[in-house]
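# Reading the structure
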Amino acid sequence: MLADVISRDDIRGTYETIRRYIRRTPVIQADLGELDAVAGPSGPGLPSVTLKLEQLQCAGSFKARGAFANLLLRDVPAVGVVAASGGNHGVAVAYAAHRRGVPAKIFVPTVSAPAKVERIRALGADLVVSGERYADALAAAQAWVASSGAMNVHAFDQRETLLGQGTLALELAGQAGDLDTVLVPVGGGGLIAGIASYFAGTVRVIGVEPDGAPTLSYARAQGAPADAPAGSIAADALAPRRVGDLVFPITQSYVEDVVLVDDTSILAAQQALWRALRIAAEPAASVGIAALLAGAYKPAPGERVAVVISGANMTPSQLG
């Protein structure tokens, strides 16, 4: 199984390779009671949790980790790299390619947030808008790979991508001390698979998905990656058609559970993060907090919980 192939030592080695290009993002302690007062009461006894502020990462999201892992661990052809993305992965690949002096072509769907599209252009990548959803952009990117010979940097279903995303867990383990549980946003599954590979059962890993884009939930119900709905306020970041084939066996081994949150809860969590803590997080990055505030995940007394705040590529008006 791939769960045995991506080891903690592999992730440590990847971290040494990419660390000069990425930020060691901070962690803070957050009082959920304070957030709850902003979002609307959901019950007493909400704990303090550790937030991993990955929205402060280079290129605005955790995706920079996987992008640099691909560009530094693989042989990049002269024609450059290509990526399909709902937005954040495209920004990250464009950023990494710019830093490394590599040509980049990025395919995005029409659902991508304007802020992400504009940032990809600003980083000098060749941007192509293709289709309505991530799956459409992926098909166009794969066709370009076949015709051009460019190196595909997959958003989640690529070993180097998983290794890069796993470095977030390495940092978190060193910053937060002993943890019982980490809540992780899930789209295609690259982040949660990388984190789960690093912790490998030593920390409880819980996935959080929008109920309108339940990719991992569908896969777990079917016993294999399966097409799922792709509609949510977080669709530009957490709504591929299905989780990755490389991702799924890792999640089966090391992800304890997946919980769902609705769009109303996601938006309330996003607003609570901003109003109470002045943390700017896009909707997809707010799902872990939504799970806690809405009661989709209820920590046990004394449970030490961390939440990944995964990205902030959006316009300021979204926080109004």
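Reading the values: rules and limits
- Residues numbered from 1 in each chain as written.
- Predicted model: local features only at pLDDT ≥ 70, side-chain atom pairs only at ≥ 80, totals over all residues.
- Heavy atoms only, no water.
- Buried < 20%, exposed > 50% of the residue type's maximum accessible area, 1.4 Å probe, protein only.
- Helix = DSSP H or I, 4+ residues; strand = E, 2+ residues; numbered from the N terminus.
- Contact = heavy atoms within 4.5 Å.
- Axes fitted to C-alpha atoms, helices over the stretch in contact; angles between N-to-C directions.
- Parallel < 35°, antiparallel > 145°, perpendicular 65-115°, else oblique.
- Left-handed = near helix turned anticlockwise from the far one by under 90°.
- Nonpolar A, V, L, I, M, F, W, Y, C, P; charged D, E, K, R; others polar.
- Phe/Tyr/Trp six-rings, centres within 6.5 Å; stacked < 30°, edge-to-face > 60°.
- Pairing = 2+ DSSP bridges.
- Polar contact = N/O pair within 3.5 Å; in protein donor to acceptor, adjacent residues only side chain to side chain.
- Salt bridge = Lys/Arg side-chain N within 4 Å of Asp/Glu carboxyl O.

What follows concerns helix H3 (residues 63-73). H3 sits mainly inside the fold: nine of its eleven residues count as buried. Looking at H3, one finds that the buried residues are Lys63, Ala64, Arg65, Gly66, Ala67, Phe68, Ala69, Asn70 and Leu71. Packing partners of the buried residues in H3 comprise helix H1 (8-18), strand S2 (48-53), strand S3 (81-84), helix H4 (88-100), strand S6 (151-152) and helix H7 (159-176).

H4 packs onto H3 with a crossing angle of 45° between their chain directions and a minimal axis gap of 8 Å. Taken as axis vectors, H3 and H4 run oblique relative to one another. Seen along the crossing, H3 lies across H4 with a hand that is right-handed. Residues Lys63, Ala64, Ala67, Phe68, Leu71 and Leu72 of H3 form the contact with H4, whose participating residues are Asn88, His89, Ala92, Val93, Tyr95, Ala96, Ala97, Arg99 and Arg100. Of the residues that constitute the contact of H3 with H4, the class distribution is ten nonpolar, two polar and three charged.

To continue, consider the packing of aromatic side chains. How two aromatic rings sit relative to each other is set out by the distance from centre to centre and by the angle between their planes. Counted under the stated rule, the structure contains three aromatic pairs. Aromatic pair Tyr21 and Phe68: ring centres 5.0 Å apart, planes at 20°, arrangement stacked. In this pair, Tyr21 sits in the loop between H1 and strand S1 (27-31) while Phe68 sits in helix H3, placing the two residues 47 residues apart along the sequence. Given a relative accessible area of 0%, Phe68 falls into the buried group. Ring centres of Phe68 and Tyr95 lie 5.9 Å apart, and the angle between their planes is 90°; on these two criteria the pair is classed as edge-to-face. Linking Phe68 in helix H3 with Tyr95 in helix H4, this pair joins segments that are 27 residues apart in sequence. We note that Phe68, like Tyr95, is buried. Through a chain of ring-to-ring contacts, the aromatic side chains of Tyr21, Phe68 and Tyr95 assemble into a single cluster.

Here the focus is the sheet that holds strand S4 (residues 104-108). In space, the four strands of this open sheet follow the order S5-S4-S3-S6, with parallel pairing throughout. The open sheet terminates on both sides in strands that have one partner only, identified here as strand S5 (126-129) and S6. Strand direction decides the pairing type here: S3 and S6, joined by two bridges, are parallel. The residue bridging Val81 from the neighbouring strand is Met151, located in S6. Along the sheet face, helix H6 (residues 134-148) touches S3, S4 and S6 and points at about 160° away from the line of S3.

Quick look at the side chain of Asn70 now. Positionally, Asn70 belongs in helix H3. Side-chain polar atoms of Asn70 contact the backbone oxygen of Gly66, separated by 2.8 Å. Non-local contacts of Asn70, meaning those with residues more than four positions away in its chain, are made with Met151, Val153, Gln158, Glu160 and Thr161.

Let us now look at the pattern of salt bridges. Inspection of every chain in the model, using the stated rule, returns 13 salt bridges. Its salt-bridge partner being Arg65, residue Glu54 comes within 2.6 Å of it at the nearest N-O pair. One end of the pair, Glu54, is in the loop between S2 and H3; the other, Arg65, is in helix H3, with eleven residues separating them in the sequence. Like Arg65, Glu54 is buried. Between Arg204 and Glu256 there is a salt bridge, with the nearest N and O atoms lying 3.3 Å from each other. On the criterion of sequence distance, the pair formed by Arg204 in strand S8 (residues 204-210) and Glu256 in the loop between helix H11 (247-254) and strand S9 (257-261) is long-range, its members being 52 residues apart. According to the relative accessible area criterion, Arg204 is partly exposed, its value standing at 29%. Where salt bridges share partners, they join Lys52, Glu54, Arg65 and Glu171 into one cluster.

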